[in-house]
Amino acid sequence: GAVVSQHPSWVICKSGTSVKIECRSLDFQATTMFWYRQFPKQSLMLMATSNEGSKATYEQGVEKDKFLINHASLTLSTLTVTSAHPEDSSFYICSATLAGGSHEQYFGPGTRLTVT
Amino acid sequence: GQSLEQPSEVTAVEGAIVQINCTYQTSGFYGLSWYQQHDGGAPTFLSYNALDGLEETGRFSSFLSRSDSYGYLLLQELQMKDSASYFCAVWGYSGAGSYQLTFGKGTKLSVIP
């Protein structure tokens with residue numbers, strides 16, 4: 001149980017376009033989802049915390065107008081990278097926690113974004 | 001804020017035991033987690049320690065000392081498939097009734113024959 005999926009797995013887009021990444025909890029309800037970004041050979045950096053039905057909480061230095069997060073239901077959160085640039089190329093990973101305060105995070109398989 | 005320190009690389013022989021240390025500084029500490037990540041893949045949860053002591057799960061054990069702000073991951077009977085990056089991560093209070101996970105920079109473990 002506790003499976004998180006992401007779509008797409010890999011996306012290549014042109015500079016200036018927008019890309020939407022979906023994160024779904026398949027067999028559980030996730031009131032909170034997290035979005036991370038990971039550059040090659042580096043650690044995961046938390047971008048934002050996404051709560052169902054409310055605005056996401058962004059980490060310092062993350063542009064909320066560029067990285068739009070929508071957590072419309074208990075099983076779906078989306079991250080839209082607007083006006084993507086080559087420096088946005090990275091591995092984007094979402095995770096979710098079970099309702100009830102579990103400290104185990106379940107990670108999606110990640111989405112590799114390449115902006116040309 | 002939170003900060004974590006762990007070695008960047010460790011090499012060990014197949015069948016041996018290896019310990020990966022992690023020290024942390026944080027406000028509102030809840031617990032320490034460990035994650036494994038193979039190249040190109042997503043992190044997978046290994047363990048969570050909220051209280052002092054050793055937690056054992058198969059070949060992997062994790063230890064926490066809250067007073068020393070220190071923990072470690074112990075891998076026994078190393079196998080080639082254990083070659084991966086291992087991240088310690090701290091659960092800390094982030095304000096407004098929320099908590100978040102902050103990752104260390106990761107330790108790349110190479111298991112050699």
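To start, this report covers the structure provided alongside it. (Residues numbered from 1 in each chain as written. Chains lettered and ligands numbered in written order. Predicted model: local features only at pLDDT ≥ 70, side-chain atom pairs only at ≥ 80, totals over all residues. Heavy atoms only, no water.)

Comments concerning the overall build of chain A
- A count of helical and extended segments in chain A gives 0 helices and 11 strands.
- Beginning at the N terminus, the succession of helices and strands in chain A can be written as β-β-β-β-β-β-β-β-β-β-β.
- In terms of overall dimensions, chain A is globule-like: its C-alpha atoms have a radius of gyration of 13 Å, near the 13 Å expected for 116 residues.
- Taken over the C-alpha atoms alone, chain A extends approximately 40 × 25 × 20 Å along its principal axes.
- The contacts in chain A between residues at least 6 apart in sequence include a share of 54% that link residues at least 24 apart.
- Of the charged side chains in chain A, 9 are positive and 9 negative, and the gap between their average positions amounts to 6 Å. (Helix = DSSP H or I, 4+ residues; strand = E, 2+ residues; numbered from the N terminus. Rg over C-alpha atoms; globule rule 2.2 N^0.38 Å. Contact = heavy atoms within 4.5 Å. Lys, Arg positive; Asp, Glu negative; His and termini not counted. Charge placed at Lys NZ, Arg CZ, Asp CG, Glu CD.)

Quick notes on the sheet that holds strand β1 (residues 3-5) of chain B
All names here are of chain B.
- Within the open sheet, the 5 strands sit side by side as β1-β3-β8-β7-β6. Their pairing is antiparallel. The outermost strands of the open sheet, each flanked by one partner alone, are β1 and β6 (53-57). Neighbouring strand axes in the sheet, compared pairwise and without regard to direction, differ in orientation by 20° on average.
- Of the strand pairs in this sheet, strand β7 (residues 60-65) and strand β8 (residues 70-75) are connected by 6 bridges, and their pairing is antiparallel. When the sheet's bridge partners are listed, Ser-62 is paired in β8 with Leu-73. (Pairing = 2+ DSSP bridges. Axes fitted to C-alpha atoms, helices over the stretch in contact; angles between N-to-C directions.)

Observations concerning the side chain of Thr-32 of chain A
Residue and element names in this part refer to chain A.
- Inspection of the secondary structure assignment puts Thr-32 in strand β4 (residues 32-38).
- On the basis of relative accessibility, which here comes to 15%, the residue Thr-32 falls in the buried class.
- The residues contacting Thr-32, other than those within four sequence positions of it, are Thr-49, Ser-50, Asn-51, His-71, Ser-95, Ala-96 and Thr-97. (Buried < 20%, exposed > 50% of the residue type's maximum accessible area, 1.4 Å probe, protein only.)

Considering the packing of aromatic side chains
- Across all of its chains, the model carries 14 aromatic pairs over all chains by this definition.
- Residues Phe-28 of chain A and Tyr-106 of chain A carry aromatic rings whose centres are separated by 5.8 Å and whose planes lie at 55° to one another, so their mutual orientation is tilted. Taken together, the residues Phe-28 of chain A in the loop between β3 (19-25) and β4 and Tyr-106 of chain A in strand β10 (residues 105-107) connect sequence positions 78 residues apart.
- Exposure remark for Phe-28 of chain A: the relative accessible area of 10% places this residue in the buried category.
- Ring geometry for Phe-87 of chain B and Phe-103 of chain B: centres 6.1 Å apart, planes at 80°, overall edge-to-face. You can see Phe-87 of chain B sitting in strand β9 (residues 84-95) and its partner Phe-103 of chain B sitting in strand β10 (residues 98-103), a full 16 residues away along the chain. (Phe/Tyr/Trp six-rings, centres within 6.5 Å; stacked < 30°, edge-to-face > 60°.)

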